[in-house]
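Fold and contact review
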Amino acid sequence: MPHTQTASRLRPFGTSIFAEMSVLATQHNAINLSQGFPDFDGPEFLKAAAQQAIEIGHNQYARTQGVPALNEAIAAWWKRGGGCEVDPHAEITVTSGCTEALAACCLGLLEPGDEVVCFEPFYDAYLADVALAGAVPRAVTLRPNRDRSAFGFDETELRRAFTPRTRAVLLNTPHNPTGKVFTRDELALIADLAIEHGTIVLADEVYERLVFEPARPHISIASLPGMAERTITLSSLGKTFSMTGWKIGWAIAPPAFTAGVRAAHQFLTFASATPLQHAAAVALASEEGEAYVEQLQRDYAKRRRFLADALTELGFGVIEPEGTYFIMADHTAVSERLGLTNGKGEPADDFVMSRWLIEHAGVATIPPSVFYHDKMEGRKYLRFAFCKRAETLRAAVDRMRTAIGSARRVQA
Ligand code: PMP
Ligand code: GLN
């Protein structure tokens, strides 16, 4: 028997880094700042809504495009958030998390050989979804701006990524893992290129409500002139309502694109968990839901401040995130001061640094080179998740301070 029976198109992707790091965190009894999930529960009113939906008998297959109440709640949420008026039943498809929406878009809308422009570092599912569809990624690299205030991209590099074979742009704003929130000017440039080249845009906006800078609001590219008719906007309940395990997501698109998304969705999952869809409708449509999100945003803003300041004090080069619940930090100064190398006399890469933190500090992070096409681009960073209780973050910082401090003392 060969070592693996995995289909060749999926073999390059191995095990998701999120699963890998969470297993390591458990093995080392580490505080898990790697996989992005809250270490606290979502709101009580939402749990009660799900329990009630189960109790009153919403337990059989849902309508494939979503239970009507949820499609209607998503349409109203989308309009309130700056999107345009859509037909909830013809232009919205409920999926099993944004993960399924991404796969359904790629499988339902791309032809083999099509090219997809995407920004690296990218969320790990992107390359796999593009590969499953037989399409080809064209990466544009996000790098810190000159003053290191945020990540940005080079216009020429973006223009060069478009070719006659470009079918789609896969855009994620607010962006995991950099925390970048794309500006209106950046979105306008992407929109112009999409229109010029006749491409569609897949806009992954799962962190739409997790933004922290009043000067950098989240803008949906679909709201720009000429873009609603070529954009498929994807989002989900998980981050906004601290229920990542519920896996309720959606895709909003004009009917012609929705047809492609649904063509794949009906055979991927057919429908998502019925009682959770009913509860999701309550989350999106209620005043309680809105109040929860506003409070969560304030809490995350404080945790971002705390962790960014603490990491800076420890010697990490923090590039302040404008959104999401992640911080990308340059570990070079810390790993150099600790004398870490990759075993070949070269500076420590992200895997070496993140392993050191798990083993010596008991803190798990993500080595973000896995999110890059060109791994060299990501090796000097670590990604820290701050979607954790304030005391979890304090404990993680204490552990890192002690471990880094004592390692330096031993060397001195
Ligand atoms: N896109 C991005 C950028 C994400 O960070 C995540 C979170 N895992 C997803 C998509 C998937 O979302 P969901 O959990 O709703 O499937
Ligand atoms: N989105 C989460 C992250 O970036 C993890 C998602 C997953 O585990 N698949 O950490």
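Going by the structure above, here's the rest.
Calculation notes
- Residues numbered from 1 in each chain as written.
- Chains lettered and ligands numbered in written order.
- Predicted model: local features only at pLDDT ≥ 70, side-chain atom pairs only at ≥ 80, totals over all residues.
- Heavy atoms only, no water.
- Helix = DSSP H or I, 4+ residues; strand = E, 2+ residues; numbered from the N terminus.
- Buried < 20%, exposed > 50% of the residue type's maximum accessible area, 1.4 Å probe, protein only.
- Contact = heavy atoms within 4.5 Å.
- Areas by Shrake-Rupley, 256 points an atom, 1.4 Å probe, with all protein chains shown as cover.
- Lys, Arg positive; Asp, Glu negative; His and termini not counted.
- Charge placed at Lys NZ, Arg CZ, Asp CG, Glu CD.
- Near = heavy atom within 4 Å.
- Polar contact = N/O pair within 3.5 Å; in protein donor to acceptor, adjacent residues only side chain to side chain.
- Pairing = 2+ DSSP bridges.
- Axes fitted to C-alpha atoms, helices over the stretch in contact; angles between N-to-C directions.

Turning next to the overall build of the protein chain. A tally of regular secondary structure across the protein chain gives 13 helices and 14 strands. Principal axes of the C-alpha set define a box for the protein chain whose edges measure 65 × 55 × 50 Å. Within the protein chain, buried positions represent 57% of all 412 residues. Look at the contacts in the protein chain between residues 6 or more apart in sequence, and 74% of them connect residues 24 or more apart. For the protein chain, the exposed area adds up to about 17,300 Å²; of that, 53% sits on carbon and sulfur atoms. Of the charged side chains in the protein chain, 41 are positive and 48 negative; the average position of the first set lies 4 Å away from that of the second.

Taken together, Gly97, Cys98, Thr99, Tyr123, Asn172, Asn176, Asp204, Val206, Tyr207, Ser236, Lys239 and Lys247 make up all the residues around ligand 1. In the model, an oxygen atom of ligand 1 is placed 2.8 Å from a nitrogen or oxygen of the Asn176 side chain. Between an oxygen atom of ligand 1 and a side-chain N or O atom of Lys247, the distance comes to 2.7 Å. For ligand 1, the accessible surface in isolation is 390 Å², of which the surrounding protein chains cover 92%.

Quick look at the sheet that holds strand β11 (residues 317–319) now. Pairing is antiparallel in the open sheet, where three strands are placed in the order β11-β12-β14. With one partner strand each, in any of the chains shown, β11 and β14 (381–385) form the two edges of the open sheet. Between one strand axis and the next, the sheet turns by 35° as a mean value, whatever way the strands run. Of the pairings in the sheet, the one linking β11 to strand β12 (residues 326–330) comprises three bridges and is antiparallel in character. Note that in β12 the partner of Gly317 across the bridge is Asp330.

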